[in-house]
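# What the coordinates show
Now for the letters of each chain:
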Amino acid sequence: MAETKREIERKYESDDSGLPDLTGVAGVAAVLDKGVAELDATYYDTADERLAAASLTLRRRTGGSDAGWHLKFPVAPGVRDEIRAPLSDTVPHVLAGLVRSRVRDAELVPVVRLRSARDVRDLVDAEGRLLAEVSVDAVRADRLAGRGGSAQWTEIEVELADGGDPAFLDQVEKRLRKAGVRPSGSASKLARALAETEPKRKKGRARREENGKGNGKRSGKRNGRRAKTAGEGRASGGPVTAGDHVLAYLRAQRDALVELDPAVRRDLPDSVHRMRVATRRTRGAFRSYAKVLDRAVTDPIGEELKWLAGELGVDRDQEVLTERLTAALDALPRPLVTGPVRNRLRTWSRARGSGSRRRLTAVLDGGRYLALLDALDRLVDDPPLLPAAAGEPSKVIAKAVRKDFGQVAALVEEALGQQPGPERDLALHEARKKAKRTRYSAEAAAPALGEPAVDLVRLMKSLQGLLGDHQDSVMTREALRDLAAQAHAAGESAFTYGLLYGHEERRAELAEAALPEAWATIGAAMAV
């Protein structure tokens, strides 16, 4: 079973003088010599180093106190999440899954071996509590694949103790700098090893084109249409044509899907929602910018994205619904909660979400999902551009955004003209979906159109929130009817469910009452 540790550390260049005296660092009462540990680590990657391109490291290490497999994800400069698994001869399944969105069907092979003599010191306070571990590492790196060479260096590593204050590292660094020690030029030992042991025939040549960084694959050959349109924009240093801007947005969403995959597998907060949003943004761009990209190519990918969003939504929708019901129940005075309402809500929520996490992991491991990622790679690397892609963004993109807004306006007006009831609920739901799509098309347009697009994003987000609260009320009332029926069948009181149902009806009424004024405000803003 894997465990996760947040690692906060800094690395420094070192010469033969060893570790400077750190007893003068504020808060340090003693520097304890912990001896020398011999570490032997083999780093794994694909042959084209996709993990390294994403600043991920996967290693099998022996020696020291934490022998085993370690997979490190960057969180912020100097901060990484290290996921550990017990020592084994092959890459543990759980770690292989966490890098699958990068690796796909490529084999993970040994690429570099690092052997280090680690001279360790513990910095402790007056009560003997560990503040940080400081080590001087004498490293030898050997390239295991190709005709790479070897390299040797010495570095100082300062790792903050679990739960420590990161500001303490500033104090240590101040002392190190005073002694002439400077920060390392490499983010990790692996990065330095790869650079210094790289085969000579590769040096001086960029390993990957900018467009391949999202998934670690080398970019494919560009077709003629791209060379004349979007390709020229990027070659000049930034988006120029309408196609440039649309592709930049789509590339960001592709990268988000790939990067969020391991977060979803780890069940990190909001990861499922963010991944689902990336699928929606991509589908929205396909539809909004159908004059830029050929729908004969994008429509099949859009259908697969819709499938993925649905799979992700099984967890997310249940989570949102349960949170809303729980919050509503917590707000009720105790005398109004009759019967085992909380127990029934927990049982109902677990039953609806039972096995969904395992099922979602199976989806992310499946061939259909990986084929979708490959299709997105092909799309952004060799896009099916239409003639409008070469047009001015101020014309092509602005026209697409105006069209989306016009559709929102028509749906809102249609909904406002109906009487309250199921048909109006459905019309408001359709308006919400269209507002969301317009918001996403405006997001894509913002780099090209500037402030007007940014304003539209804000307005559509506000409208989406109002209509979303109404739709949440519709879904919550359906859940309450289900819960009340279960309670009644079990001989329990259904009073509380009916009370909550009435509260949700009122929330929907308030949202509908606020819509005309909110829409008038949006209309006035768009008319300026």
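Residues numbered from 1 in each chain as written. Predicted model: local features only at pLDDT ≥ 70, side-chain atom pairs only at ≥ 80, totals over all residues. Heavy atoms only, no water.

In this section: the overall build of the chain. The secondary structure content of the chain amounts to 17 helices and 8 strands. Dimensions of the chain, computed from the C-alpha atoms along their principal axes, are close to 80 × 70 × 45 Å. Looking at the chain as a whole, 47% of its 528 residues qualify as buried. In the chain, once contacts between residues fewer than 6 apart in sequence are set aside, the share between residues at least 24 apart is 72%. With the model as given, the accessible surface of the chain reaches about 25300 Å², and the carbon-plus-sulfur share is 52%. (Helix = DSSP H or I, 4+ residues; strand = E, 2+ residues; numbered from the N terminus. Buried < 20%, exposed > 50% of the residue type's maximum accessible area, 1.4 Å probe, protein only. Contact = heavy atoms within 4.5 Å. Areas by Shrake-Rupley, 256 points an atom, 1.4 Å probe, with all protein chains shown as cover.)

Okay, the pairing of strand β4 (residues 68-76) next. Pairing between strand β3 (residues 57-62) and β4: 5 bridges, direction antiparallel. Pairing of Arg60 across the sheet is with Trp69, part of β4. Sheet topology note: the β4/strand β5 (residues 79-85) ladder contains 7 bridges and is antiparallel. The partner of Phe73 across the bridge, within β5, is Asp81. (Pairing = 2+ DSSP bridges.)

The subject of this paragraph is the sheet that holds strand β7 (residues 130-143). Spatial strand order, β1-β5-β4-β3-β2-β6-β7-β8: 8 strands in a closed barrel with antiparallel pairing. Neighbour-to-neighbour, the strand axes of this sheet turn through a mean angle of 35°, independent of strand direction. By the bridge criterion, 5 bridges tie strand β1 (residues 3-13) to strand β8 (residues 150-160) in an arrangement that is antiparallel. The residue bridging Arg10 from the neighbouring strand is Val158, located in β8. Strand contacts of helix α4 (residues 167-178): β1, β6 (109-124), β7 and β8, with the helix running at about 20° to β1, the strand carrying the most contacts. (Axes fitted to C-alpha atoms, helices over the stretch in contact; angles between N-to-C directions.)

Phi is mostly negative for residues that are not glycine, and the peptide bonds are mostly trans. In this structure, Glu49 is a non-glycine residue whose phi angle is positive, near 60°. With respect to the helices and strands, Glu49 occurs in the loop between β2 (30-45) and α1 (50-53).

Before going further, it helps to examine the pattern of salt bridges. Inspection of every chain in the model, using the stated rule, returns 59 salt bridges. The salt bridge partner of Arg60 is Asp89, with a shortest N-O separation of 4.0 Å. Within this pair, whereas Arg60 is found in strand β3, its partner Asp89 is found in the loop between β5 and α2 (93-98), the two being separated by 29 residues in sequence. Residue Arg60 is classed as partly exposed on the basis of its relative accessible area, which comes to 23%. Classification of Asp89 by relative accessible area gives exposed; the value is 68%. (Salt bridge = Lys/Arg side-chain N within 4 Å of Asp/Glu carboxyl O.)

Moving on to the packing of helix α16 (residues 451-489) against helix α17 (residues 495-527). Axes are the key here: two packed helices are described by the angle between their axes and the distance separating the axes. Viewed as axis vectors pointing N to C, α16 and α17 meet at an angle of 165°, and their least axial separation amounts to 9 Å. When the axes of α16 and α17 are compared, the pair comes out roughly antiparallel. Between α16 and α17 lies a crossing whose hand is left-handed. Per-class residue counts for the contact of α16 with α17 are 22 nonpolar, 3 polar and 7 charged. (Parallel < 35°, antiparallel > 145°, perpendicular 65-115°, else oblique. Left-handed = near helix turned anticlockwise from the far one by under 90°. Nonpolar A, V, L, I, M, F, W, Y, C, P; charged D, E, K, R; others polar.)

The predicted coordinates ought not to be read in detail in places where the model reports low pLDDT. On average, residues of the chain score 89 in pLDDT, and 91% of them reach the 70 mark or higher. Counting interchain partners and residues more than four positions distant, the pLDDT-below-50 stretch residues 204-236 has 77 contacts. (pLDDT = per-residue confidence, 0-100.)

The next thing to look at is the side chain of Glu9. Relative to the helices and strands, Glu9 is located in strand β1. A relative accessible area of 7% means that Glu9 is categorised as buried. Separated by 3.4 Å, the side chains of Glu9 and Lys11 make a polar contact. Engagement of the side chain of Glu9 in a polar contact is seen with the side chain of Arg80, the distance being 3.3 Å. (Polar contact = N/O pair within 3.5 Å; in protein donor to acceptor, adjacent residues only side chain to side chain.)

Bringing the nonpolar core into the picture now. Counting 65 residues, the largest nonpolar core has Tyr289, Met460 and Leu463 as the members making the most contacts within it. Counting residues in hydrophobic clusters, the runner-up holds 17 residues, among them Val136, Leu160, Phe168 and Leu176. (Core = buried A, V, L, I, M, F, W, Y, C linked by side-chain atoms within 4.5 Å.)

All right, on to the packing of aromatic side chains then. What characterises a pair of aromatic rings is the spacing of the ring centres plus the angle enclosed by the ring planes. A complete count under the given rule lists 2 aromatic pairs for this structure. Residues Tyr44 and Trp69 carry aromatic rings whose centres are separated by 5.1 Å and whose planes lie at 55° to one another, so their mutual orientation is tilted. Of this pair, Tyr44 sits in strand β2 while Trp69 sits in strand β4, and the two are 25 residues apart along the sequence. Exposure remark for Tyr44: the relative accessible area of 14% places this residue in the buried category. Relative to Trp519, the ring of Phe405 has its centre 5.8 Å away and its plane inclined at 25°; by these criteria the two rings are stacked. In this pair, Phe405 is assigned in helix α14 (residues 393-416) and Trp519 in helix α17, connecting sequence segments 114 residues apart. (Phe/Tyr/Trp six-rings, centres within 6.5 Å; stacked < 30°, edge-to-face > 60°.)

Mapped onto the elements, Thr154 comes out in strand β8. Between the C-alpha atom of Thr154 and that of Ser116, which follows or precedes it by 38 residues, the distance is 9.1 Å. Those residues in contact with Thr154, other than ones at most four positions away along the chain, are Glu13, Ser14, Val136, Asp137 and Ala138.

Where helix α9 (residues 271-288) contacts helix α15 (residues 422-449), the two axes come as close as 9 Å, and the packing angle between them is 80°. Considered as vectors, α9 and α15 are oriented roughly perpendicular to each other. Taken together, the residues of α15 that come into contact with α9 (itself represented by Val277, Arg280, Arg281, Gly284, Arg287 and Ser288) are Lys436, Arg437, Arg439, Tyr440, Ser441 and Glu443. Grouping the constituent residues of the contact of α9 with α15 by class yields 2 nonpolar, 3 polar and 7 charged.

Here we come to the layout of surface pockets. Considered as a void within the structure, the largest pocket measures approximately 1300 Å³ in volume. Together, 39 residues line the largest pocket, and Arg276, Arg280, His429, Arg432 and Lys436 are the ones closest to its centre. Among the secondary structure elements, those contributing two or more residues to the lining of the largest pocket are α9, α10 (295-330), α11 (341-353), α15 and α16. If you tally residues by element for the lining of the largest pocket, the top one is α10, at 10 residues. Here the residues of the lining of the largest pocket sort into 10 nonpolar, 9 polar and 20 charged. (1 Å grid on protein atoms, 1.4 Å probe; cavity = no way out; pocket = protein on both sides within 12 Å on 5 of 7 lines; lining within 4 Å. Points joined across faces, edges and corners; volume = space filled by probe spheres on them.)

Quick look at the environment of Asp16 now. As for its placement among the helices and strands, Asp16 is situated in the loop between β1 and β2. Assessed through its relative accessible area of 82%, Asp16 is described here as exposed. For the pair formed by Asp16 and Thr154, sequence separation is 138 residues and the distance between their alpha carbons is 7.9 Å.

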